[in-house]
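What follows is each chain in one-letter form.
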Amino acid sequence: MNIHEYQAKQLLVRFGAPVAQGHPATSVEEARKAAEALPGPLWVVKSQIHAGGRGKGRFKELPETAKGGVRLARSVDEVVRHAQEMLGNTLVTAQTGPEGKQVNRLYIEDGADIARELYLSLLVNRETGRVAFVVSTEGGMDIEQVAEETPEAIHQFDIDPLTGVTDEDANAIADALQLNEQARVDMIQLARSLYEAFTAKDMSMLEINPLIVMDDDSTQVMNRGRLRVLDAKVSFDGNALFRHPDIREMRDLTEEDEKEIEASKHDLAYIALDGNIGCMVNGAGLAMATMDIIKLYGGEPANFLDVGGGASREKVTAAFKIITADPNVKGILVNIFGGIMRCDVIAEGVVAAVRDVGLKVPLVVRLEGTNVEKGKKILDESGLDITSADDLDDAAKKITDAVKKG
Ligand code: ADP
Ligand code: MG
């Protein structure tokens, strides 16, 4: 689960991270009030969408020459003008895809005098099973690009879970970021705060891009030479959300795919993709294999969908409805291995769902395992136009052929 920048900052402040003052706003009037509540003389108006690259993004409705999704302002009136232009419009960034995302909320933040922009993130290093800090002096840029062009500029530090962040860890991070004086001291506190936030809230990623060093002649005298979290992107481990009601409340459903929301209500593991072959599979491994084999035969999966080991007839029906509701779906492949799950239950679910929502595209079903004969019989006797397949290859071939013809 992802949250907005302003929510991430509100959370990080609770752990003691240095974050600028700011207020969210969903209307122009709120934006004015938010700006008036900040000291100035510099304000920043930031689009709140679940995607990065906002600064370099473009609004669909505005001319090419208009500014992006993160804008500086030198007066309250300028904040208001930006808010008028940005709210309700569609921001397209390198991460939103060409359709972009509507900006329904802004974050009005105190502007910082920036001396240096750095990159710092925390993630789980799957090789060592430890939380790792990834840092680079090349902040404010797309980190994937840095990784490709100058991989030597990226440094990684694994943290021992028994000790947490030690002074040695913080110093090594400070060295890698070439920090001096006050910023070095700040790094000890910051690294501990972020590590604590990451582990306490079961985050899967915490990215600060940029982390800045404030200017030595900043008008904010107290902050000269100090570190500040300027952007924050946080993802949480979905499997741990049950123990964080406060985090669950931050969920913004308008940022999520409608089909994915519906699927989560039915406890289905569903991820929408760009292709046109809808897949219903049990077990994540089989679902991955099914997507692979569809691609091998030249098709493109429209989704990943794992109905789980013990899916009921209701769950299968719900899954089927979600797949058919996707206008991109030009064919459906049901691929079930009945181990715990019985093939006849699946077949009943499929038939019930087809009767319920109708079937406008080809459907190929491959069943294997417990009660497979019973399951096939149910499909055959249903009178519905269902193609059955014997194995994975056969199934993938049949559905890709059917979609190509259609
Ligand atoms: P994104 O990564 O989505 O483009 P950021 O929050 O990183 O959004 O903002 C883009 C750039 O805007 C930053 O790299 C920084 O240069 C500038 N910026 C963002 N917030 C502030 C702020 N509070 N004060 C001054 N400049 C800012
Ligand atoms: Mg950023």
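Residues numbered from 1 in each chain as written. Chains lettered and ligands numbered in written order. Predicted model: local features only at pLDDT ≥ 70, side-chain atom pairs only at ≥ 80, totals over all residues. Heavy atoms only, no water.

**Q** Whenever I open this one, the sheet that holds strand β7 (residues 106-110) confuses me. Can you help?
**A** Note on sheets: strands pair through backbone hydrogen bonds, and any given pair is parallel or antiparallel. Taken together, four strands build an open sheet; the order of strands is β1-β7-β2-β4 and the sheet is antiparallel. A single partner strand is all that each edge strand has here, and the edge strands are β1 (22-25) and β4 (70-73). In this sheet, adjacent strand axes meet at a mean angle of 20° when their direction is disregarded. Across four bridges, β1 lies against β7 in antiparallel orientation. The residue of β7 that forms the bridge with Pro-24 is Tyr-107. Sheet contacts for helix α2 (residues 28-36): β1, β2 (43-47) and β7; angle to β1, the most-contacted strand, approximately 175°. (Pairing = 2+ DSSP bridges. Helix = DSSP H or I, 4+ residues; strand = E, 2+ residues; numbered from the N terminus. Axes fitted to C-alpha atoms, helices over the stretch in contact; angles between N-to-C directions. Contact = heavy atoms within 4.5 Å.)

**Q** Whenever I open this one, the pattern of salt bridges confuses me. Can you help?
**A** When charged atoms on two side chains of opposite charge get close, those side chains can pair. Applying the stated criterion across every chain yields a total of 26 salt bridges. Note that Lys-259 is salt-bridged to Asp-257, the shortest N-O span being 3.6 Å. One network of salt bridges, with partners in common, ties together Glu-5, Lys-9, Lys-46, Arg-54, Glu-109 and Asp-231. (Salt bridge = Lys/Arg side-chain N within 4 Å of Asp/Glu carboxyl O.)

**Q** I tried to follow the pairing of strand β11 (residues 203-214) on my own but got confused; where do I start?
**A** Regular strands place their side chains on alternate faces of the sheet. When you tally the buried positions in β11, you get ten out of twelve residues, the bulk of the element. Here strand β8 (residues 114-125) pairs with β11 via eight bridges, running antiparallel. Counted as the bridge partner of Leu-123 is Met-205 from β11. Note: β11 against strand β13 (residues 233-236), four bridges, orientation antiparallel. When the bridges of β13 are listed, Leu-206 appears paired with Val-234. Taken together, the three bridges between β11 and strand β12 (residues 227-229) define a ladder with antiparallel strand orientation. From the neighbouring strand, Leu-211 faces β12, where its bridge partner is Val-229. (Buried < 20%, exposed > 50% of the residue type's maximum accessible area, 1.4 Å probe, protein only.)

**Q** Could you clarify how one ought to interpret the coordination of the magnesium ion (ligand 2) in this entry?
**A** For a metal bound by four donors in tetrahedral geometry, the ideal donor-metal-donor angle is 109.5 degrees, whereas six donors in octahedral geometry ideally sit at 90 or 180 degrees. Those protein atoms acting as donors to the magnesium ion (ligand 2) are Asn-209 (O) and Asp-231 (OD), and they sit at 2.1 Å. Of this pair, Asn-209 sits in strand β11 while Asp-231 sits in the loop between β12 and β13, placing them 22 residues apart in sequence. (Donors = N, O, S within 2.8 Å, 3.2 Å for Na, K, Ca; no water.)

**Q** Help me understand the site of ligand 1, please; the structure alone is not making it clear to me.
**A** Residues in close proximity to ligand 1 total 18 residues, the closest being Lys-46, Arg-54, Gly-55, Glu-109 and Glu-117. Here Lys-46 contributes a side-chain N or O atom positioned 2.7 Å from an oxygen atom of ligand 1. Contact with the protein chains covers 84% of the free accessible surface of ligand 1, which is 540 Å². Mapped by element, the contributors of at least two residues to the shell around ligand 1 are β2, β4, β7, β8 and β11. Considering only residue class, the shell around ligand 1 consists of seven nonpolar, five polar and six charged. A domain-level breakdown of the shell around ligand 1 finds at least three residues from each of domain 1 (22-110) and domain 2 (114-248). (Near = heavy atom within 4 Å. Polar contact = N/O pair within 3.5 Å; in protein donor to acceptor, adjacent residues only side chain to side chain. Areas by Shrake-Rupley, 256 points an atom, 1.4 Å probe, with all protein chains shown as cover. Nonpolar A, V, L, I, M, F, W, Y, C, P; charged D, E, K, R; others polar. Domains from an automatic or database assignment.)

**Q** Looking at this model, I keep getting lost on the UniProt feature "binding site: substrate" (unreviewed entry) in the protein chain. Mind explaining?
**A** UniProt's feature table lists "binding site: substrate" (unreviewed entry) at Asn-282, Gly-339, Ile-340 and Met-341, given in the numbering used throughout. The annotated residues occupy 60 residues of the chain but converge on a single region, no pair of C-alpha atoms lying more than 10.2 Å apart. With respect to the helices and strands, the residue Ile-340 is situated in the loop between β17 (331-338) and α11 (343-357). Along the polypeptide, Met-341 turns up in the loop between β17 and α11. (UniProt positions renumbered as here; feature names shortened; annotations may be inferred.)

**Q** Help me understand the UniProt feature "binding site: Mg(2+)" (unreviewed entry) in the protein chain in this model?
**A** With numbering aligned to this structure, UniProt lists the feature "binding site: Mg(2+)" (unreviewed entry) at Asn-209 and Asp-231. These annotated residues cover 23 residues of sequence, and their C-alpha atoms lie no more than 5.5 Å from one another, placing them together at a single site. Judged by its relative accessible area of 16%, Asn-209 falls in the buried class. Look past the residues within four positions of Asn-209 in its chain and what remains in contact with it is Leu-118, Tyr-119, Gly-139, Gly-140, Met-141 and Asp-231.

**Q** Would you explain the environment of Ile-294 in this entry?
**A** With respect to the helices and strands, the residue Ile-294 is situated in helix α9 (residues 284-296). The sequence separation of Ile-294 and Thr-400 amounts to 106 residues, and the corresponding C-alpha distance is 7.1 Å. Setting aside chain neighbours within four positions, we find Ile-294 in contact with Ile-277, Cys-279, Gly-299, Glu-300, Pro-301, Leu-333, Ala-396 and Thr-400.

**Q** Got a minute to help me understand a negative patch on the surface in this structure?
**A** Taken together, the side chains of Glu-368, Glu-373, Asp-390, Asp-391 and Asp-393 present a region of like negative charge at the surface. Here Asp-391 lies in the loop between β19 (386-389) and α13 (392-405). (Patch = residues over 30% accessible without salt bridge, like charges linked within 9 Å, V, L, I, M, F, W, Y side chains within 5 Å. Lys, Arg positive; Asp, Glu negative; His and termini not counted. Charge placed at Lys NZ, Arg CZ, Asp CG, Glu CD.)

**Q** What's the story with the side chain of His-82 in this structure? I'm lost.
**A** When you line up the elements, His-82 lands in helix α3 (residues 76-86). Given a relative accessible area of 7%, His-82 falls into the buried group. In contact with His-82, not counting residues within four places along its chain, are Val-45, Lys-67, Arg-71, Leu-72 and Ala-73.

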